[in-house]
Amino acid sequence: MSGGQLEVHGLVEDWSYVKSYLLDNTSNSERSNDDDEVDWSNTNWGWPNEDESILDQIGSKNVKSDKRQSLEGPSDLVSDKKETSIPATANVNLSWLDDSIIANSPAGDVLTIARGSKAIFFKSECNIDTNGMKFIKSFEGILSEEEGEIITSIVCIPLDSKKRTSPGAPDWTCIVVGFNRGYVRVYTETGSLLVSEQFHNERVQGFKVRSYVPSFVPLQHDQLEELIVLYRSVVVTMDGFGIFQTLRACRNHLARLKANATENPIEPPSLMYKKWGFESEQTVVDCEPIGLNTPSAFDHLFTASLLGGFNAKTKQNPPTSCVFASTGLKPFVAYHYAQENQAVPVLTEMAYAVASKVKSSILNAATGWLGFGGGSGTTTNKNLVKEAKSFEPPTPMLSRFGLPDARRHGKSITSSPSRNLSAVTDSFGRVILIDNVFGIAIRVWKGYRDAQCSWLQVDEELSSRAKVKDTRTRTALFLVIYAPRRGHLEVYAMQQGPKVATFNVNKPGRLLCTTFGMMGLNNAPVRGGNRPIVECLFVDCDGNLFTLNIPFHLGLCDKTSSKVKDIHLLKTLQKLLRDGHYTATTVLQIFTELRTQSMINQGFRILTQKCNKFDIFIEVLQTYSQKFCDGEDKDLTVVFGIIALLELYQSLLFSQSSPPAYSSHENTSADDKSLLLCLHANEKEMKIMQGMAEEEVQCKMKPKAVTFQSDLSDMSVNEFFGAFVIEFDYTKIKMSNTNISHLPILINFKSEGVDKLGELLLCGCLNGTADLDEWKQKLKNAGIDAYAILLLSFKYWCQNSLLSSSYIGLMEKLYYVVKKLCDLEGYDVVISEFNQVSKWWEEIRKEITRNSKIFPIYSFAIVCRAVAIDLQHQRETENLISTGDKLGRVFDVENTNKKEIEETAVAGPSSNSMEMDFENISLDLLKWNILLKQIEDLCLLSSILVQNPCLDKPQLPLLKTTSESLTVIKLLDKGKGCIAELVGRWLTTIGIEPNLITDSKEDEAKSASSDEKMTVTGNSSQSQPHLHEQETDIAVEALEANKSINYVLDLLRSLRENFSVSLSSSIILSNYCWEYCLEWKNETNNVEYLGAAVKCASAIPSHYIRQGMISMMWNIFLCKKFSTVTAISKTAREKLADKLSGFSSQKKQQKFLAHIVQFLDLFLETNIVCEGKSLPRNSTLKNHWSSDVNSNASLTDLALVQPLPNFEMILLHYQLALCAQFFYTFRLKGTMKPTNLFDTKSRNLFFQNMHNLAPFSNVEVDLSLKTLREEFLCVVVTSAIRAIPEEPNPLGPNSSKKSIDFQPIIPSEEGVKESEEWVNKCLEMGRIWGLELDGLRISYAFELYQSGLDYLGLEAIGAVDGRDVLGARLLLVAGMRVSYIINVKRENVMEIVSSISTNLSKWLDSLDYSNLGSLRFSKESIGELTQQVLQLIPPSSYDYKLAEELLLSSKYL
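This report concerns the structure included in the present document.

**As for the pattern of salt bridges**
Overall, the coordinates contain 33 salt bridges when judged by the stated rule. Across the salt bridge formed by Arg1377 and Asp1350, the nearest N and O atoms sit 3.0 Å from each other. Of this pair, Arg1377 sits in helix 48 (residues 1363-1385) while Asp1350 sits in helix 47 (residues 1350-1357), and the two are 27 residues apart along the sequence.

**Some words on the pairing of strand 6 (residues 151-160)**
By the criterion of burial, strand 6 is predominantly enclosed, with ten of the ten residues buried. Relative to strand 7 (residues 170-179), strand 6 runs antiparallel, the two being bridged by nine bridges. Note on strand 7: the bridge partner recorded for Asp160 is Pro170.

**As for the nonpolar core**
Counting 273 residues, the largest nonpolar core has Phe604, Trp775, Trp841 and Ile992 as its most contacted members. Sort the elements by how many residues they give to this core and helix 41 (residues 1207-1226) lands first, with 15 residues. Not counting chain neighbours up to four residues away, the residues in contact with Ile992 comprise Leu951, Leu956, Leu987, Ile997, Ile1045, Val1048, Leu1049 and Tyr1072. Grouped together as the second largest cluster of nonpolar side chains are 27 residues, Trp172, Cys174, Val229 and Phe244 included.

**Some remarks on helix 36 (residues 1087-1098)**
With twelve residues, helix 36 ought to run about 16 Å at 1.5 Å a step, and its terminal C-alpha atoms sit 17 Å apart, in line with that. Among the residues of helix 36, those classed as buried are Val1087, Tyr1089, Leu1090, Gly1091, Ala1092, Ala1093, Val1094, Cys1096 and Ala1097. On its buried side, helix 36 packs onto helix 31 (994-997), helix 35 (1065-1082), helix 37 (1103-1126) and helix 39 (1146-1170).

**Some remarks on a negative patch on the surface**
Together, Glu1287, Glu1309, Glu1310, Glu1314, Glu1316, Glu1317 and Glu1355 line one region of the surface with negative charge. No other element matches helix 45 (residues 1309-1329), which puts five residues into the negative patch. For Glu1355, the position within the fold is in helix 47. Classification of Glu1355 by relative accessible area gives exposed; the value is 61%.

**Considerations on the packing of aromatic side chains**
By convention here, two paired aromatic rings are described through the distance between centres and the angle between planes. On inspection of all chains with the given rule, the structure shows 38 aromatic pairs. Taking 4.5 Å as the distance between ring centres and 25 degrees as the angle between the ring planes, the aromatic pair formed by Phe591 and Phe604 counts as stacked. In this pair, Phe591 sits in helix 11 (residues 584-593) while Phe604 sits in helix 12 (residues 597-610), placing the two residues 13 residues apart along the sequence. Residue class for Phe591 comes out buried when judged on its relative accessible area of 1%. With 6.1 Å between their ring centres and 50 degrees between their planes, Phe1222 and Phe1272 make a pair best called tilted. Here the residue Phe1222 occupies a position in helix 41, and Phe1272 occupies one in helix 43 (residues 1263-1282), the gap between them amounting to 50 residues. Residue Phe1222 is classed as buried on the basis of its relative accessible area, which comes to 0%. One aromatic cluster is present, formed by Trp1114, Phe1122, Phe1159, Phe1163, Phe1238, Phe1246, Phe1247 and Trp1329 through successive ring pairs. Positioned above the aromatic ring of Phe628 is the side chain of Lys634, whose terminal nitrogen or guanidinium carbon lies 5.4 Å from the ring centre. Over the ring of Trp928 we find Arg845; its NZ or CZ atom is 5.0 Å from the centre of that ring.

**Points about the side chain of Asp1350**
Overall, the relative accessible area of 18% leaves Asp1350 in the buried class. Separated by 3.0 Å, the side chains of Asp1350 and Arg1377 make a polar contact. What Asp1350 contacts, discounting residues up to four positions off in sequence, is Leu1344, Tyr1345, Arg1377 and Ser1421.

**A look at the sheet that holds strand 2 (residues 101-104)**
An order of 2-3-4-5-1-29-28-27 is seen for the eight strands of this open sheet, with the pairing classed as mixed. On the outer flanks of this sheet lie strand 2 and strand 27 (509-513), each paired with one strand and no other. On average, adjacent strands in this sheet sit at an angle of 25 degrees to one another, irrespective of strand direction. Bridging between strand 1 (residues 5-12) and strand 5 (residues 132-142) involves three bridges; their strand directions are parallel. Note that in strand 5 the partner of Leu11 across the bridge is Lys134.

**Comments concerning a nonpolar patch on the surface**
A contiguous nonpolar patch, built from Phe298, Phe302, Leu306 and Leu307 and spanning about 520 Å² of accessible area, is present on the exposed surface. Secondary-structure assignment places Leu306 in helix 7 (residues 297-308). For Leu306, a relative accessible area of 59% puts it in the exposed group.

**Here's the deal with the environment of Phe1117**
Note that Phe1117 resides in helix 37. Judged by relative accessible area, which is 7%, Phe1117 ranks as buried. Sequence-wise, Phe1117 and Leu1078 are 39 residues apart; in three dimensions their C-alpha atoms are separated by 8.5 Å. Apart from the residues lying within four places of it in its own chain, the contact partners of Phe1117 are Trp1074, Cys1077, Leu1078, Trp1080, Lys1081 and Met1112.

**As for unusual backbone geometry**
In this chain, Lys330 is followed by Pro331 through a cis amide linkage whose omega measures 0 degrees. Mapped onto the elements, Pro331 comes out in the loop between strand 15 (321-329) and strand 16 (333-339). Residue Gln495 is reached from Met494 by a cis peptide bond, and omega for that bond is 0 degrees. Tracing the sequence through the fold places Lys330 in the loop between strand 15 and strand 16. Positive phi outside glycine occurs at Asp450, with the angle close to 55 degrees. Tracing the sequence through the fold places Asp450 in the loop between strand 22 (440-445) and strand 23 (452-459).

**Side note on the pairing of strand 19 (residues 410-415)**
When strand 19 meets strand 20 (residues 421-426), the two strands line up antiparallel, connected through five bridges. Counterpart to Thr414 in the pairing with strand 20 is Ala423. The hairpin formed by strand 19 and strand 20 contains five residues between the paired strands, and Arg419 there has a positive phi angle of roughly 65 degrees.

Conventions and cut-offs
- Residues numbered from 1 in each chain as written.
- Predicted model: local features only at pLDDT ≥ 70, side-chain atom pairs only at ≥ 80, totals over all residues.
- Heavy atoms only, no water.
- Salt bridge = Lys/Arg side-chain N within 4 Å of Asp/Glu carboxyl O.
- Helix = DSSP H or I, 4+ residues; strand = E, 2+ residues; numbered from the N terminus.
- Buried < 20%, exposed > 50% of the residue type's maximum accessible area, 1.4 Å probe, protein only.
- Pairing = 2+ DSSP bridges.
- Core = buried A, V, L, I, M, F, W, Y, C linked by side-chain atoms within 4.5 Å.
- Contact = heavy atoms within 4.5 Å.
- Expected span 1.5 Å × (residues − 1).
- Patch = residues over 30% accessible without salt bridge, like charges linked within 9 Å, V, L, I, M, F, W, Y side chains within 5 Å.
- Areas by Shrake-Rupley, 256 points an atom, 1.4 Å probe, with all protein chains shown as cover.
- Lys, Arg positive; Asp, Glu negative; His and termini not counted.
- Charge placed at Lys NZ, Arg CZ, Asp CG, Glu CD.
- Phe/Tyr/Trp six-rings, centres within 6.5 Å; stacked < 30°, edge-to-face > 60°.
- Lys NZ or Arg CZ within 6 Å of the ring centre and 35° of its normal.
- Polar contact = N/O pair within 3.5 Å; in protein donor to acceptor, adjacent residues only side chain to side chain.
- Axes fitted to C-alpha atoms, helices over the stretch in contact; angles between N-to-C directions.

Here it is as structure tokens:
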């Protein structure tokens, strides 16, 4: 079989022109100008070549055989002795390709061909016709700058791109060209010269490039970037970083010169290099850098002792040397060590070098003088000048060891990419593999004259399932040898591996080796490794380029390995099946050649995945089983299993081939009832199932009569096998202890073809076209798990249960299918004892609870229950017959009432039942009945939650929620609180009044406890909630008249009937409240949600649940936010304060604080009611929704376990909330915060746990704090009165000024009520703080008069106790009004002034009328106010005399 491929990489465009251009004007004189450049080894002496004469004799035969062979695949000469070749013609003029110098880029995009002084550069383009690469000319021309200068070597080096858009990709390729005069010039792809440098005055024999490769071994050095120029006697090394930075700069300068011709050219800087010299006795033909080498401490001491003896002195650190491996003559192979800090040559050595240079110069000049130099005198003078150029003397390298062979002449040396191996060709036609670490020859190939060598690395292909991180993939190394005389490309596995592939190619040709990658990386690693894209490239005489594709596994073991050969066969099978052009004979031949059992099973796995032809599939399996059925070396377990599956597939296709196009029989209602009775369903279940079916049909809008003509009948064989889980691992099959001929086969429910499989398996059974006995036998033969088929039947039923109008008839057929599957599994597995649960039915029930389609799971549960009842009945009958007990009673399940079973399960057996005889009740039957009841409840819950009734005027804000599909298992896993949570979330989309949800029984308990309510504000505040309750009752009566509200209440009532334990009014309202709290947490700026939550909490009937909910709301949502708001000082800017508080405006903050006050007021009220009472016990009743698993606690359970709060702590936060509300509502400026109104002990208790102890509120505080509180409340009263808005002027805006001046102030009623509420809150705060409330009342009455609201102030005077104090303050108001008339109005000034006394005049002058809150008052009001003052002030007071004088003067107003 094939061991690899020779793939076409591309072709050179216009190859004939390339050949003619390079051969044109190339004379022999160009080669003979330089006498020092005579290569005696390549000189043609005219002697006959024995090998060529032999080849000439058999040439015609080879040409004929070569024409018959093609390129598609190489052959293995060892095994099959067959060869494939590229068509070739025997043309002796093709030797020009051997004389040419060819180089390619590691990226495979640049190719150069040079001969003599001419060169052509090629760049690759995509060839659409051949889907390969086409190399087109980018430059052609003469590169020599002097006469007689020819090209001797070329290398193409791609440079890394520094652009961010293309990291790790080559930017451009520099072409380094060496000449016979020692010059090294660097060009771009377009032939532009960048750098020209002469390092030595000898012929450039070659270039070696090393790219950066990090070391993966701790003791080894990294391979650094380096460019090496090889001369005959010296080696020049250049650091990659310096040279490539210089080349980039030169290229950029060249681009600027082309863009701007006026810019002056700059000479490129000299390149930094090191020069190393070989020993004078050795003739070096080729050299390879091995890399840096640091010997170990033992090797260092051992070498020193051998060289210096016992008393040798050694350095502390071993020296680091750069190792070069050279080949040539004397010795054949040598290893040179170049040390960085080596001593400078002595003076005698320098003198000898200078003398040799002078001698060579004189000889060259003499040849010119004598006339046989071939040039004119001027040319000779120029050469003398150039020869006079001084070069840096090389640093000598020491040759420590090698392979000495005086007769053997080395021609080339090629190192592997890892530099640990080298392939050397010699003059004896040998290829020698050398270990560079030990310097020994480890392998020799004979019969390869003029061979060319290259290296090829192949990485292991990791499978897609392999998840290996930070590990290196394995790499196989191959040596490629080109034998030009035979026209063979041979590939060998390293180091002692066999020949893995042989390719016949055209001759002559050139094999190019590239062992370096991208350069210019600055010694930085590249992700994925810096490997060349094209390592090995072959160029034939027709301009075709080929690359080798060798699989990795060929380097693992020898060629006789059965596993490796089987891997080849499997890949061939994959390719054959993928192409589609195969027959049963070709596939069977591959399976016959397979040897290992694991590979055979993998081959059948590939066959199940790729083979889509049923006839070929079954023929291959049957033929294979017949051929190897008698042998013991083949395991046919997988084969028999696949054959059984194919027979099942064929039978199912036959039963599905002619399904009825329409339902030919419509069942009547009587027939449906009889069928349901056979299925052990009562009338209630029949009605429920009928309602489910109608609702399902209306939702899907499907016709009642639908045919079973399937669109999925085209299920291919591959899809059929893809839907199963088949075990192909031979190890697991062998370890399984089974006596059957096949293993159980499971269904892959995650595959895409599982729906088609369900259609294929059950369509014929439900149509009535399939024989169920035969169907069961086929399934048994195939070994498919019966439980998996039952699950697939359930999945198919959920999708297709209502595809026919007679779904009850389908249920009957489904009943027989389930019964056959139970028979297939075995009655012993399906049926259990009465007091035990069958695992078979338990798993089915779990699958039913995971599905959300109501009607399919309900009908499927009825069918499974009927099968379980009949199987149990059948077993009881058989037991009675076998025992002969004719007097025993048969378990009659048909007369069993499900309701009685449920009551027995929940409440336990009654006294009457205990007196009756004992009767066996199956635990499985009880579980089925409970499951059916759960599905019924789920149907009701789902149908209600889907509805979204709209109220005319929602009382609470509406929320948007996403509906989710409900299943039984979800409700059971979430616990008993999940149903109330769903209902509460549903109510938020309606916005119904919370008081309407309260149950009447719980409402009576609430009203009975309302008599026990106590507040801190006294008797005056106790009357207000009563009025509020009367207003709420009126509003409730108006809301109940709404039909939509009644509809919602009816839905809730139906839910309570089915979920009596989970949906009490307290539980519903708690979840109703909690949903608004969660929404407010997500959208803090919408404080309406917080108000709705507080309103819902106030409607909770159960005081303990309400208290627990309020505690949770405070701890989770409100405490932190309230602390943030109260900590902000109002001296900050308003925008900054809003940003810190998290609200968008001050109005939002005011509403938030109002809700906080309302919340804490409700907290106080609830705490008073619950004080001294014991907590209610949790309900221990269990129903059909009770789960055995410990689920999460419900919301109400968490509320009941909250610790009891402390009344004083609640009251303390209530005071803080009122103070904060005063601050933010009236925008009280100043540096004071709400917390400054409290002492240090109280401030330390703020925002702590509510159940902590707190000091009593009536404790005496500091006098200064008490004064501060009084002043603060007086400021609040003043602000509240001045914030009263005025009713609009009835005269309109165009009324005269006179009418406006004496128009009385008419405040709005709402403003007056609001101000009274604020004043009441201030009085409440004063009462809590223990302040004298009479001062607040005096301030209230004084501000009313000062604001011009005299009639309101007259009403407020009656509540004041300190009448003299109030009279004195009101006298000031009257005096300021008179002062305003005298100083501003200027009306009757002379009469008024003449009527007042001197004391009164001075007193009026001392008053500032600008302190009046309103300047709109009548003159009569002054007299009335003065008379009221006289009634308040005692006659003995000094103010009384002023009031009398003021009253007399008011008459003149």
